[in-house]
Amino acid sequence: EDKVVQSPLSLVVHEGDTVTLNCSYEVTNFRSLLWYKQEKKAPTFLFMLTSSGIEKKSGRLSSILDKKELFSILNITATQTGDSAIYLCAVEAGTSGSRLTFGEGTQLTVNP
Amino acid sequence: DTEVTQTPKHLVMGMTNKKSLKCEQHMGHRAMYWYKQKAKKPPELMFVYSYEKLSINESVPSRFSPECPNSSLLNLHLHALQPEDSALYLCASSKHPLQGGPYNEQFFGPGTRLTVL
């Protein structure tokens, strides 16, 4: 059974801090790893990673994948209160090509 | 148009009611999904449609009946639900692998918050 584990499950920081969120996985036929941000409603897409060692960057957010060690990290620098959300890691695996397995998520709270 | 829309936003129903959730996208995606999300939990896949045909059913009880009438629409028909079925129901769409290009990104709708009394 495919498995995606995120840590920490919950994190409280102050504005301006840098945070690192972790995602490890054990899946058969890995295809890609995706990061989503979920506030009150639907998850919104952040990054898709398919190759090891290539950093994806968008503003203060960046992410990298290590396919040898089977994990990914999501970094957020200079955090703001608007970054408060649940960050979901999902892995696409298998031969069907369209099934995502989600981790439990990391609840990030950024205090002013 | 990169939006997935869902109606209704909120739904309260009794255990004997029949209702339907609707999802629509106009991005030309040929893969569409239903997820169920309970509070403080990640989305759980329920169904996947590929080119309007049901390709994955994650052992969902028959009181949930999906339908894909065309390439833009996805419905979830609900009948004789239980209170434990109360959750946020998310629809998503993506390119199908046969469409080429990056297909892994799933676009989510805002969800329908369902309460079963």
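Cut-offs applied
- Residues numbered from 1 in each chain as written.
- Chains lettered and ligands numbered in written order.
- Predicted model: local features only at pLDDT ≥ 70, side-chain atom pairs only at ≥ 80, totals over all residues.
- Heavy atoms only, no water.
- Disulfide = S-S within 2.5 Å.
- Helix = DSSP H or I, 4+ residues; strand = E, 2+ residues; numbered from the N terminus.
- Buried < 20%, exposed > 50% of the residue type's maximum accessible area, 1.4 Å probe, protein only.
- Salt bridge = Lys/Arg side-chain N within 4 Å of Asp/Glu carboxyl O.

Visitor: Please clarify how the state of the cysteines should be interpreted in this entry.
Guide: A full pass over the atoms with the stated rule returns two disulfides over all chains. In this model cysteine 23 of chain A forms its disulfide with cysteine 89 of chain A; the gap between the sulfur atoms is 1.9 Å. What sets the handedness of the cysteine 23 of chain A and cysteine 89 of chain A disulfide is the S-S torsion sign, and at about -65 degrees it is left-handed. Pair noted here: cysteine 23 of chain A is in strand β3 (residues 19-26) and cysteine 89 of chain A is in strand β9 (residues 85-93), with a separation of 66 residues, a long-range link. Given the relative accessible area of 1%, cysteine 23 of chain A is considered buried. Accessibility expressed as a relative area gives 0% for cysteine 89 of chain A, which makes it buried. Disulfide pairing is shown between cysteine 23 of chain B and cysteine 91 of chain B; the S-S distance is 1.9 Å. Of note, the bridge from cysteine 23 of chain B to cysteine 91 of chain B carries an S-S torsion of about -70 degrees and is left-handed in sense. Separated by 68 residues along the polypeptide, cysteine 23 of chain B in strand β3 (residues 18-25) and cysteine 91 of chain B in strand β9 (residues 87-94) bring together distant segments of the chain. The pair formed by cysteine 23 of chain B and cysteine 91 of chain B is uniform in burial state, with each residue classed as buried. The structure places no disulfide on cysteine 68 of chain B, whose sulfur is separated from the nearest cysteine sulfur, that of cysteine 23 of chain B, by 9.1 Å.

Visitor: What is the right way to read the pattern of salt bridges from this model?
Guide: Any two side chains of opposite charge can pair, so long as their charged atoms come close to each other. The final tally for this structure, using the stated rule, is five salt bridges over all chains. Linking aspartate 83 of chain A and arginine 60 of chain A is a salt bridge whose minimum nitrogen-to-oxygen distance equals 2.8 Å. Pair noted here: aspartate 83 of chain A is in the loop between β8 (71-76) and β9 and arginine 60 of chain A is in the loop between β6 (56-58) and β7 (61-66), with a separation of 23 residues, a long-range link. Under the relative-accessibility criterion, aspartate 83 of chain A is labelled buried at 4%. As a salt-bridge pair, lysine 41 of chain B and glutamate 104 of chain A come within 3.8 Å of each other at their nearest N and O atoms. Here glutamate 104 of chain A lies in the loop between β10 (100-102) and β11 (106-111) and lysine 41 of chain B lies in the loop between β4 (31-37) and β5 (44-50), a pairing that spans two chains.

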